[in-house]
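So you can see what is in the structure, the chains are spelled out below.
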Number of protein chains: 2
Amino acid sequence: MTTMETTVLENINSPSDVKKLTIEQMHILSEEIRKGILNRVDKIGGHLGPDLGIVEATIALHYVFNSPVDKLVFDVSHQCYPHKMLTGRKEGFLNPTEHPEISGYSNQNESEHDHFMIGHTSTSVSLVAGLAKARDLKGENYNVIALIGDGSLSGGEAFEGLNNSSVLNSNFIVIVNDNEMSIAQNQGGLYKNLQLLRETNGQCENNWFKAFGFDYIYVEEGNNVEKLIEAFNKVKDTDHPVVVHIHTLKGKGYEPAVSNKEWGHWSMPGLLSQNSSSNGTVPECYETITKDYILNKVKEDKSVIAVNAATPGVFWWDEEFRNKLGKNYTDVGIAEQHAVGYSSGLATGGAKPIFGVMTSFIQRAYDQLSQDLALNNSPATILVYWGGISSADCTHLGLFDIPLICNIPNIVYLAPTCKEEYLKMLDWSVEQTDYSVAIRVPTCNYVSTGIEDNTDYSILNKYSLVSRGSKVAILGLGDLFELGKSVKEELKSRLGIDATLINPKFITGVDEELLNSLKSDHDVVITLENGTLDGGFGEKISRFYGNSNVKVLNYGADKEFNDRVPLDELLTRYHLKKEMIVDDIASII
Amino acid sequence: MTTMETTVLENINSPSDVKKLTIEQMHILSEEIRKGILNRVDKIGGHLGPDLGIVEATIALHYVFNSPVDKLVFDVSHQCYPHKMLTGRKEGFLNPTEHPEISGYSNQNESEHDHFMIGHTSTSVSLVAGLAKARDLKGENYNVIALIGDGSLSGGEAFEGLNNSSVLNSNFIVIVNDNEMSIAQNQGGLYKNLQLLRETNGQCENNWFKAFGFDYIYVEEGNNVEKLIEAFNKVKDTDHPVVVHIHTLKGKGYEPAVSNKEWGHWSMPGLLSQNSSSNGTVPECYETITKDYILNKVKEDKSVIAVNAATPGVFWWDEEFRNKLGKNYTDVGIAEQHAVGYSSGLATGGAKPIFGVMTSFIQRAYDQLSQDLALNNSPATILVYWGGISSADCTHLGLFDIPLICNIPNIVYLAPTCKEEYLKMLDWSVEQTDYSVAIRVPTCNYVSTGIEDNTDYSILNKYSLVSRGSKVAILGLGDLFELGKSVKEELKSRLGIDATLINPKFITGVDEELLNSLKSDHDVVITLENGTLDGGFGEKISRFYGNSNVKVLNYGADKEFNDRVPLDELLTRYHLKKEMIVDDIASII
């Protein structure tokens, strides 16, 4: 495939080239950058609206400041596509063969113009506060700039950072990219303050940033490169903390992403060329049955409430769903700590919260899971989506939720293997009042057995003995139960072993009675889990059998931050294939 | 021992009794409550200044509102002593034999007037937002009140909660207890705004709470019960979110706690009767050698910086120490997320941060440890204090840092067993630039071997083979290495076994070479760790030996929230005694 043709961008190989441009050339450059964004996102997917909106600001930043001496940190760093195009990485956008080489997030391994590998939100102010203090301790002299927006302001770390950095006595610049959106709609009083500031051209009473002590500049035309250059020149080399609040248009230059900003936030490959905001009809899956369950439940019980933190699209909680729920729906914005504390309060107050969250983001609320929720046995339900081994960017891995959640006392973390179990677990969780419950929504298979699940999940840590054999027992957790079934077949066909197959269902505990009963006629127990082994489910089984003659093999991911590694390569690395597992068993039996 | 005598308090058995009092009686009650606080804290230790300051506000709250129908949530809940005295628990303060029955934190198992078991900060607004929404969904009608202060405002969860709750369309009351302090001095722009509000009687420009959209009332005389009653009556039954900002005096009524508010924040038993703010000279310990190390290091390297989050007293980082460090010291306030992000930024900028933190509070920054720090391999040093099994309140356990930290990729978590190792690890960590390092400062022993440690800690996961024996190998991690030594002696004397003794040093990895070498002549390996077993160090060893004939016994704490259980009872429950361990070994060997 060939590189997209450009006229101005083709001559931009580093920020120093940006500094030579005329305003007219910058306008052309803006359009070429937008074409590059659309080109890449259509081919390999990625963030769209945030990057289309930040084009002029990025050009102006590189025109005014002197990267990499001046240090620019993007937050959410999914807004860094234009920055990448101006800092030697344009082929990652223009040339399809180069697309996968360049990540969708800030990455210091790609360029000296990036300073952190960061994909979670609300981090920039704290990180830049550290850079500023290091600079001052070392007697150095440069600008530090946190570019924060697209919903990032609402996360607690951003607030802690703003609170601490507003009192620094040296150069510290925060660019607030106000595109009127989080991933979905903005939530909360802070965003009402931003709205007031927009409506008053930055002059309203009770300016939230000034209340912290920041100096403050407002730029209404946040997609006007001349105005931005003027504003950035004003704050360059400042000797105190200053906020530049710029009002930008999310999705600018691509009408479908402007008229439906939530849809245009992120795109799967190929959607743009279809130029449609509809996904068409979809087959039944965990997302659809969850929505149906919640809608039906709310009809019969007005205390049921669906909660999420700015990512309703992950669970397919679309506008129609949200509208149907009405007051029985809360989006807290990017604020997972609040979401967990709020859920605990809801449960304590007698409501029935169902908090949907991505595995990578539940990490942001460990202390709240432990203290606000588990310590109080608050009967909230947490649905954890997208857990498991994948070829995701290293900033968005789904590997760590099992160690994170399953070692907190009191929480019941469940791993369904099929539709019927999932719905039974979900309904049990919503209706019971004794435990905080999390359910790991399966990622890699949608299985419906057609057999009703009559399990009483209030009997904790009771595994399901699916098939009793001998010699080898297979514990296939959650969506790796299907792999467990295929290992059983492979053991039969290759080694003639009639293995025991177990569906543990409970991640957070050990079925001692069942596991003890295996000791008499089993030599090997294997565990399969779709996450990192360290601190996970399998190690509990290893510990349990530690004082016995039963050997245990744990299968799952290594403790590592994979970065866009092909899934099949990972499954091979971790021996998560039936042939490899049976080879391992054969070697020790 | 006999109950303290009181005249008004003796007739207060529930909030309804408070409602019958005259203002004059409330003044007497205030003094009696203060005597109760001092009585308890002198006998069994606890929080002092925060409770002395909140006496009148608590009386006024119970006079105006109708607990438990109206729901009052304290934050930090260590301010709840007066509340406990007014809600049927006064004997926990007046009667020494009853002191231990009543916890120092909010606890719904004690009283219907408490709604959550909470000891960490910054949780109240989110919890109360959940209560408010549950109330509204169920069509109920009562007041919800979050009382937040004494530093709690600066934590990210509080901000997320304020942002979300300021836009609620129903009753929501936040009482901001502004006593001008966190645990140590307040930090950040928000507290400068509170100062401006105090100086202007609540009338300054850019009111931080109004910027969120809260209605706002200021009460300068926050220890004047009449003024407080007047203010609370104004907001009672409000139909929208309102902040009542009250200015109180931390330590009021006990001069030493007023003149030295940081000292008076919390007290060990017996200190008050000495009536002294000096601890006298102390023997060498991990706290003193750490301070000496940092002071010496800063003298030779101006890029070294000590960081903490509002708890300098925990590390004995007293005023003299802080003054000597000057700009090489940062207290971020109660803001652990920022502290970790800031440390990552410092390290990336070429400085050498040393972040001291309590094990129970590092939980508040899991995502920052993972994303801001470990993913970037930012060479910061984190000193984790007070880890281990203890008789602490369930809200402040030191059991979970090992599972929390040791399962994050890239982080090197070290467990020194003595002074010499600790100082070597600390210096290695500060000087290296490849890894994010945490060090678990030993809690239960101070050991100095006098033997210089020449280990090169850049060779990761290399355990120290202290003594090579056979049959049984003991891995004694960190401060349980001493227990390991005594188990070795016991094995020799009782069973005649010459056991192998290993000091693992690295919590985060397995020394495969050494562990493999044990297989030929060892039947049992035991692991000892001072924390919860689930997700911890020992399970990694169990997993490693899973496919071998070596049996493994893991010793450590169960996965549970203990609540003020005597240490010896816990050690017995967990078999963490040499006799019990040798019994266990004898039973399987």
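None of these values were measured; they are calculated from a predicted model.

## Quick look at the overall build of chain A
In terms of helices and strands, chain A carries 25 helices and 18 strands. Its C-alpha atoms give chain A a radius of gyration of 26 Å, within 12% of the compact-globule value 25 Å for 589 residues. The principal-axis extents of the C-alpha atoms in chain A amount to approximately 80 × 55 × 50 Å. Split into buried and exposed, the 589 residues of chain A put 67% on the buried side. Counting contacts in chain A only where the partners sit at least 6 residues apart, residues at least 24 apart contribute 77% of the total.

## What about the packing of aromatic side chains?
Tallied over the full model, the rule gives 42 aromatic pairs over all chains. Each ring, one from A:Phe400 and one from A:Phe561, has its centre 5.8 Å from the other, and the planes form 70 degrees; the classification is edge-to-face. Placement of the pair is A:Phe400 in the loop between β11 (381-385) and α19 (401-406) and A:Phe561 in the loop between β18 (551-557) and α24 (567-573), with a sequence separation of 161 residues. Each of the two residues, A:Phe400 as well as A:Phe561, counts as buried. When the ring of A:Phe544 is compared with that of A:Tyr545, the centres are 5.1 Å apart and the planes differ by 80 degrees; the resulting orientation is edge-to-face. For A:Phe544, a relative accessible area of 16% puts it in the buried group. Residue A:Tyr545 is classed as buried on the basis of its relative accessible area of 2%. Put simply, the rings of A:Phe159, A:Trp208, A:Phe209, A:Phe212, A:Tyr216, B:Phe159, B:Trp208, B:Phe209, B:Phe212 and B:Tyr216 pair up and form one aromatic cluster. For the cation-ring pair, A:Arg40 lies above A:Tyr81, with the distance from its terminal atom to the ring centre recorded as 5.5 Å. The ring of A:Tyr142 carries A:Lys71 above its face, with NZ or CZ at 4.6 Å from the centroid.

## Section: the relation of the copies chain A and chain B
The transformation that overlays chain A on chain B combines an axial shift of 0.0 Å with a rotation of 180 degrees, and the residual RMSD is 0.0 Å. Taken together, the rotation angle and the small translation identify this as a two-fold axis. In this assembly, 100% of the residues forming the interface of chain A have copies in chain B that are likewise at the interface, indicating an isologous arrangement.

## Some points on the sheet that holds strand β6 (residues 241-247) of chain B
Residue and element names in this part refer to chain B. Read from one edge of the open sheet, five strands run β2-β3-β4-β6-β5, paired in parallel fashion. The strands lining the two open edges of the sheet, one partner per strand, are β2 (71-75) and β5 (215-219). Neighbour-to-neighbour, the strand axes of the sheet open up by a mean angle of 15 degrees, direction not taken into account. Sheet topology note: the β2/strand β3 (residues 144-149) ladder contains five bridges and is parallel. Bridge pairing links aspartate 75 to isoleucine 148 in β3. Sitting on the sheet, helix α7 (residues 124-137) is in contact with β2, β3 and β4 (172-178), with an inclination near 175 degrees to β3.

## Description of the confidence of the model for chain A
Summarising the model, chain A shows a mean pLDDT of 96, and 98% of its residues fall at 70 or more. Reported for the predicted complex are a pTM of 0.97 and an ipTM of 0.97.

## Some remarks on the interface of chain A and chain B
On the side of chain B, 106 residues touch chain A, which itself brings 105 residues to the contact. Of the roughly 8600 Å² buried where chain A meets chain B, counting both sides, 56% is carbon and sulfur surface. A per-residue breakdown of the area chain A buries against chain B is headed by A:Leu137, A:Arg543 and A:Phe561, which together make up 9% of the total. Inspection of the chain A/chain B interface yields eight salt bridges. Put simply, A:Arg364 and B:Asp367 hold a salt bridge, and the shortest N to O gap is 3.7 Å.

## Thoughts on helix α25 (residues 578-588) of chain B
Residues and elements named next belong to chain B. Residues of α25 that are buried include every one of Ile581, Val582, Asp584 and Ile585, and no others. Seen end-on, α25 carries its buried residues on one side only, within an arc spanning 155 degrees. The secondary structure elements touched by the buried residues of α25 are β15 (471-476), α21 (481-495), β17 (522-532) and β18 (551-557).

## Notes on the pattern of salt bridges
Residues and elements named next belong to chain A. Following the criterion strictly, the structure yields 75 salt bridges over all chains and no others. Here arginine 573 makes a salt bridge to glutamate 569, at a shortest N to O gap of 3.6 Å. Here the residue arginine 573 and the residue glutamate 569 both occupy positions in helix α24, the gap between them amounting to four residues, near one helical turn.

## Focus: the environment of B:Val18
Residue and element names in this part refer to chain B. Note on placement: valine 18 falls in helix α1 (residues 15-18). Among the residues examined, valine 18 registers a relative accessible area of 0% and is labelled buried. Residues valine 18 and valine 64, spaced 46 residues apart in sequence, show a C-alpha to C-alpha distance of 9.4 Å.

## What about the packing of α7(B) against helix α8 (residues 156-165) of chain B?
Residues and elements named next belong to chain B. Running from N to C, α7 and α8 point in directions that differ by 35 degrees, and their axes come no closer than 7 Å. Residues Val125, Ser126 and Ala129 of α7 form the contact with α8, whose participating residues are Glu157, Ala158, Gly161, Leu162 and Ser165. Here the residues of the contact of α7 with α8 sort into four nonpolar, three polar and one charged.

## So, the side chain of A:Asn39
Residue and element names in this part refer to chain A. Of note, asparagine 39 is situated in helix α2 (residues 23-44). Side chain to side chain, asparagine 39 and lysine 43 meet in a polar contact 3.0 Å long. Residues in contact with asparagine 39, not counting those within four places in the same chain, are Met4, Phe93, Leu94, Asn95 and His99.

## Notes on the pairing of strand β16 (residues 500-503) of chain B
All names here are of chain B. Side chains of β16 alternate between two faces, with Thr500 and Ile502 and Leu501 and Asn503 buried alike. Of the strand pairs in this sheet, strand β14 (residues 464-467) and β16 are connected by three bridges, and their pairing is antiparallel. By the bridge assignment for β16, leucine 465 is matched with isoleucine 502. Pairing of β15 with β16, which is carried by three bridges, proceeds in the parallel orientation. Its bridge partner lying in β16, isoleucine 474 is registered against leucine 501.

## What to know about unusual backbone geometry
Across residues other than glycine, the phi torsion is negative in most instances, and most of the peptide bonds are trans. The omega torsion across B:Ser67 and B:Pro68 is 10 degrees, close enough to zero to call that bond cis. Among the secondary structure elements, B:Pro68 is positioned in the loop between α4 (55-64) and β2. Positive phi values are uncommon outside glycine, yet A:Arg564 reaches one of about 55 degrees. Along the chain, the position of A:Arg564 falls in the loop between β18 and α24. Despite not being glycine, B:Asp150 has its phi angle at roughly 55 degrees, a positive value. Locating B:Asp150 in the fold gives a position in the loop between β3 and α8.

## Remarks on the sheet that holds strand β6 (residues 241-247) of chain A
All names here are of chain A. As summarised here, the arrangement of the five strands in space is β2-β3-β4-β6-β5, forming an open sheet in which the pairing is parallel. Looking at the sheet topology across the chains shown, the edges are occupied by β2 (71-75) and β5 (215-219). Averaged over all neighbouring strand pairs, the angle between strand axes comes to 15 degrees, with direction disregarded.

## Some details on the side chain of A:Asn177
All names here are of chain A. Following the sequence through the fold, asparagine 177 ends up in strand β4 (residues 172-178). By relative accessible area, which is 2% here, asparagine 177 ends up buried. At a separation of 2.6 Å, a polar atom in the side chain of asparagine 177 contacts the side chain of threonine 248. Each residue touching asparagine 177, except ones within four places of it in the same chain, is listed here: Ile54, Gln79, Leu147, Ile148, Gly149, Asp150, Ile246 and Thr248.

## With respect to the packing of helix α21 (residues 481-495) of chain A against helix α25 (residues 578-588) of chain A
Residues and elements named next belong to chain A. The contact between α21 and α25 brings their axes to 9 Å, and the two run at 55 degrees. Between α21 and α25, the crossing angle belongs to the class labelled oblique. Like other packed secondary-structure pairs, α21 and α25 cross with a definite hand, here right-handed. Between α21, through Leu483, Ser486, Val487, Glu490, Leu491, Arg494 and Leu495, and α25, the contact on the second element is made entirely by Lys578, Glu579, Ile581, Val582, Asp583, Ile585 and Ala586.

Cut-offs applied
Chains are numbered independently. Their residues run from 1 in the order of the written sequence. Working convention: letters from A go to chains and numbers from 1 go to ligands, in the order in which they are written. In keeping with the predicted nature of the model, local features appear solely for residues at pLDDT of at least 70, side-chain atom pairs appear and are counted solely at 80 or more, and the whole-chain, interface and lining totals rest on all residues. Side-chain calculation: all heavy atoms of the structure are included, whereas hydrogens and water are not. Elements are defined by DSSP. Helices are runs of H or I of four residues or more, strands are runs of E of two residues or more, and each kind is numbered from the N terminus. C-alpha atoms define the radius of gyration, and 2.2 Å times the number of residues to the power 0.38 defines the globule rule. Buried means the residue's accessible area, taken with a 1.4 Å probe over protein chains only, is under 20% of the maximum for its type, while exposed means over 50%, and partly exposed covers the values in between. In this description, contact between two residues means that some pair of their heavy atoms is separated by no more than 4.5 Å. In summary, the pairing rule links any two rings of Phe, Tyr or Trp, Trp by its six-membered ring, whose centres are within 6.5 Å, and it sorts them by plane angle into stacked for under 30 degrees, edge-to-face for over 60 and tilted for everything else. We call a charge positioned over a ring when the NZ of a Lys or the CZ of an Arg lies within 6 Å of the ring centre and within 35 degrees of the ring normal. Alignment of copies: least-squares fit on C-alpha atoms of residues with pLDDT of at least 70 in both copies. At least two DSSP bridges between two strands are required for those strands to pair. A fitted line through C-alpha atoms represents every axis, and for helices the fit uses only the stretch in contact; the resulting angles, taken between N-to-C directions, go from 0 to 180 degrees. For every residue, the pLDDT score states the predictor's confidence, bounded by 0 at the bottom and 100 at the top. When two components associate, each loses some accessible surface as probed by a 1.4 Å sphere; the sum of these losses over both components is called the buried area. Note on definitions: salt bridges are taken to be side-chain nitrogens of Lys or Arg within 4 Å of carboxyl oxygens of Asp or Glu. Within this analysis, the arc is defined by the directions that extend from the helix axis to the C-beta atoms. Nonpolar residues are Ala, Val, Leu, Ile, Met, Phe, Trp, Tyr, Cys and Pro. Charged residues are Asp, Glu, Lys and Arg, and all others, Gly as well, are polar. For this analysis, a polar contact is any N or O atom pair within 3.5 Å, provided that within protein one partner can donate a hydrogen and the other can accept it, and provided that sequence-adjacent residues contribute only side-chain to side-chain pairs. With respect to orientation, any angle under 35 degrees is reported as roughly parallel, any angle over 145 as roughly antiparallel, any angle of 65 to 115 as roughly perpendicular, and every other angle as oblique. The handedness criterion is simple: a crossing whose near helix is rotated anticlockwise from the far helix by less than a right angle is left-handed, and one whose near helix is rotated clockwise is right-handed.

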